[in-house]
Amino acid sequence: MTLPDMTVFADLESNVRGYCRSWPTVFDTASGAWLRDETGREYLDFFAGAGALNYGHNNPVLKQSLLDYIAGDGITHGLDMSTVAKRELLETLRDRILRPRGLDYKVQFPGPTGANAVEAALKLARKVTGRTEILNFTNAFHGMTLGALSVTGNAAKRAGAGVPLQHATSMPFDGYLSGPDDDSFEWMERVLDDASSGLDSPAAVIVETVQGEGGVNIAGVQWLRKLAGLCAAREILLIVDDVQMGCGRTGPFFSFEMAGITPDIVTLSKSIGGYGLPMALVLFKPELDVWKPGEHNGTFRGNNPAFVTARAALEHYWADDALEIATRAKAERIDRALAGMVAAFDGITTRGRGLVHGVVFDDASAAEKVCASAFQRGLLVETSGPEDEVVKLLPPLTISDSELDHGLELLAESVDAVCGGRGR
Ligand SMILES: *Cc1c(COP(=O)(O)O)cnc(C)c1O
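Because the structure is predicted, anything quoted here is derived from the model rather than measured.

Below, the discussion takes up the site of the ligand. In the vicinity of the ligand, the residues found are Thr 113, Gly 114, Ala 115, Phe 141, His 142, Gly 143, Glu 208, Asp 241, Val 243, Gln 244 and Lys 270. Phe 141 is positioned with one of its backbone polar atoms (N or O) 3.5 Å from a nitrogen atom of the ligand. Asp 241 has a polar side-chain atom sitting 2.6 Å from a nitrogen atom of the ligand. Relative to its unbound accessible surface of 390 Å², the ligand loses 82% to contact with the protein.

What follows is the structure in structure tokens.
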């Protein structure tokens, strides 16, 4: 076999398919930071399932826990029944994650996607406060269901809604108005505190600490603290959507830890299942737990194999701070390599935190070409941002230094191929 057979995808699968267009091959197996297509070609993964594979593909530790569980006829589908797998996950989450961080949260199991978690969070905030409006931020991304889409910025995604997206008002994210040092709360505070501003008092603010889909836009620690204070002073609930930036992506387990804030509600999905298995959580302060039994429901809230791998990931990677320290060291490695790229090529800048980085191209069209060139070289990277002008780097946290260096070298070659003129 030399060329992968793509016919059935083009013939049968809906036009809505997306990533397969950027990476036109047929993938077959994967381990760690590598995927293999059916022709045997290898690709280094700097996308990690959009942040769902922080511990890599088929992580051996998590795989063993899953194999043992399946071999022992452990519960696979459990609605929201109490199971041993769920008990062990809850205990581990409490003992490894919540208690050491002084976080007193109740845990809700919504449906298994990030959008499910966001919908539940928005519903709960509205139910608790009796208010309707939600404040979100420019270039935010919270998912594709109608509630989540209403707080999402992306015009193309919003265009798919088919109904008006209501009860959300967009506020300027950190740096949106005039760059990194602006005080972008001036507008938000003004409209919140002016009864005649036309803004109804909101139930909640929903924010990502780093906007992954929105172009790797980073909220400063001071900005986040100010936001938390501003919400607390006005009794507006603060929702941190940690679906992509949680589970160690920025270093600490929760991305908001470095700001020293305690959100009222936190959403997790993507890497919380550990193994790439669908799972989501909503965490919230106990006094917000006004749900009636069964009031928010869903058939697939009990994906027990995901509970098993989630627990194994928490046990194995979060019993100490080794992963966080390693992430910080790898982040510095990326920073150095990207600084070299910025020096070598005109028209690019970079930004990042932990193991999420963006290479921003002045000429937006270059970013997609760089991704295509990287694919040719065996590196998977994707674009993000309003004009798809940002190449987003999201390697597994478990990637080795040499793999990281190799990927960064392939990226530099790709930028060189597209932008040319190395050494201006
Ligand atoms: C991916 C993502 C979502 C949506 O998750 P799905 O599983 O795709 O529904 C929500 N919020 C953020 C920040 C995300 O990155």
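Looking now at the nonpolar core. By size, the foremost hydrophobic cluster in this structure holds 85 residues, and its most contacted members are Met 188, Leu 227, Phe 254, Val 391 and Leu 411. In terms of residues, this core owes the most to one element, helix α11 (residues 304–317), which gives eight residues. Both domain 1 (7–59 + 321–422) and domain 2 (74–317) contribute no fewer than three residues apiece to this core. With sequence-adjacent residues up to four places away left out, Val 391 is seen in contact with His 357, Gly 358, Val 359, Phe 361, Ala 367, Val 370, Cys 371, Val 381, Glu 382, Thr 383 and Leu 411. Residues Val 118, Ala 125, Ile 134 and Ala 203 belong to the second largest nonpolar core, which totals 21 residues.

The next thing to look at is the domain arrangement of the protein chain. Segmenting the protein chain into domains produces domain 1 (7–59 + 321–422) and domain 2 (74–317). Computed from C-alpha coordinates alone, the two centres of domain 1 and domain 2 are separated by 25 Å. On the domain 2 side, the residues contacting the 30 residues of domain 1 number 30 residues. Buried area between domain 1 and domain 2, both sides added, is near 2500 Å², and the carbon and sulfur share of it is 51%. Of all elements in the fold, only α3 (48–51), α12 (322–344), β13 (348–353), β14 (356–361) and β17 (390–393) reach the threshold of two or more residues within the side of domain 1 that touches domain 2.

Turning to the side chain of Ser 150, a few remarks are in order. Mapped onto the elements, Ser 150 comes out in helix α7 (residues 146–150). In this structure, Ser 150 is in contact with Arg 158, Leu 165, Gln 166 and Ala 168, ignoring residues within four places of it in sequence.

All told, the structure shown has 16 salt bridges when counted by the stated rule. A salt bridge links Arg 101 to Glu 257, with the shortest nitrogen-to-oxygen separation between them at 2.8 Å. Here Glu 257 lies in the loop between β10 (237–241) and β11 (265–268) and Arg 101 lies in the loop between α5 (84–98) and β4 (106–108), a separation of 156 residues in the sequence. The class for Arg 101 is partly exposed, based on a relative accessible area of 24%.

In this section: the environment of Cys 247. Tracing the sequence through the fold places Cys 247 in the loop between β10 and β11. Owing to a relative accessible area of 2%, Cys 247 belongs among the buried residues under this scheme.

The subject of this paragraph is the pairing of strand β1 (residues 27–31). Inspection of the sheet shows β1 paired to strand β2 (residues 34–37) by four bridges, in the antiparallel sense. In the sheet register, Thr 29 faces β2, and the bridge partner there is Arg 36.

Bringing the pairing of β2 into the picture now. Of the two faces of β2, only one is covered, namely that formed by Leu 35 and Asp 37; the face formed by Trp 34 and Arg 36 stays uncovered. Here β1 folds back onto β2, and the loop between the two strands holds two residues, one of which, Gly 32, carries a positive phi near 60 degrees. Note that β2 and strand β3 (residues 42–45) share three bridges and pair antiparallel. Opposite Arg 36, over in β3, you have Glu 42 as the bridge partner. The loop that links β2 with its antiparallel partner β3 comprises four residues; one of these, Gly 40, has a positive phi angle of about 95 degrees.

Taken as a whole and assessed by the stated rule, the structure comprises 14 aromatic pairs. Plain terms: the ring middles of Phe 137 and Trp 223 are 5.2 Å apart, the flat faces sit at 65 degrees to each other, and that makes the pair edge-to-face. Here Trp 223 lies in helix α10 (residues 221–233) and Phe 137 lies in strand β5 (residues 134–137), a separation of 86 residues in the sequence. By relative accessible area, which is 1% here, Phe 137 ends up buried. When its relative accessible area of 6% is taken as the criterion, Trp 223 is described as buried. Ring plane angle 20 degrees and centroid distance 4.8 Å describe the contact between Phe 185 and Trp 223, whose orientation is recorded as stacked. Taken together, the residues Phe 185 in helix α9 (residues 185–193) and Trp 223 in helix α10 connect sequence positions 38 residues apart. As far as burial versus exposure is concerned, Phe 185 and Trp 223 are alike and both buried. Following the ring pairs from residue to residue traces out a cluster consisting of Phe 137, Phe 173, Phe 185 and Trp 223. The ring of Phe 109 is capped by Lys 86, whose NZ or CZ atom sits 4.5 Å from the centre of that ring.

Moving on to the sheet that holds β4. In spatial order, the strands read β4-β12-β11-β10-β7-β5-β6; together these seven strands make up an open sheet with mixed pairing. The sheet is open, and its two borders are formed by β4 and β6 (168–171), each paired with just one other strand. Between one strand axis and the next, the sheet turns through 25 degrees on average, direction left out of account. By the bridge criterion, four bridges tie β5 to β6 in an arrangement that is parallel. Across the sheet, the residue bridging to Ile 134 is Ala 168, located in β6. Those strands touched by α10 are β5, β7 (204–207) and β10, and its axis lies near 165 degrees from that of β7.

Turning next to the sheet that holds β13. The strand order across the open sheet built from four strands is β13-β14-β17-β16, with neighbouring strands paired in antiparallel fashion. One side of each edge strand has no neighbouring strand; the edge strands of this open sheet are β13 and β16 (382–384). Between one strand and the next, the sheet's axes are offset by a mean angle of 30 degrees, whatever the strand orientation.

Basis of the calculations
- Residues numbered from 1 in each chain as written.
- Predicted model: local features only at pLDDT ≥ 70, side-chain atom pairs only at ≥ 80, totals over all residues.
- Heavy atoms only, no water.
- Near = heavy atom within 4 Å.
- Polar contact = N/O pair within 3.5 Å; in protein donor to acceptor, adjacent residues only side chain to side chain.
- Areas by Shrake-Rupley, 256 points an atom, 1.4 Å probe, with all protein chains shown as cover.
- Core = buried A, V, L, I, M, F, W, Y, C linked by side-chain atoms within 4.5 Å.
- Buried < 20%, exposed > 50% of the residue type's maximum accessible area, 1.4 Å probe, protein only.
- Helix = DSSP H or I, 4+ residues; strand = E, 2+ residues; numbered from the N terminus.
- Domains from an automatic or database assignment.
- Contact = heavy atoms within 4.5 Å.
- Buried area = accessible area lost by both parts, 1.4 Å probe.
- Salt bridge = Lys/Arg side-chain N within 4 Å of Asp/Glu carboxyl O.
- Pairing = 2+ DSSP bridges.
- Phe/Tyr/Trp six-rings, centres within 6.5 Å; stacked < 30°, edge-to-face > 60°.
- Lys NZ or Arg CZ within 6 Å of the ring centre and 35° of its normal.
- Axes fitted to C-alpha atoms, helices over the stretch in contact; angles between N-to-C directions.

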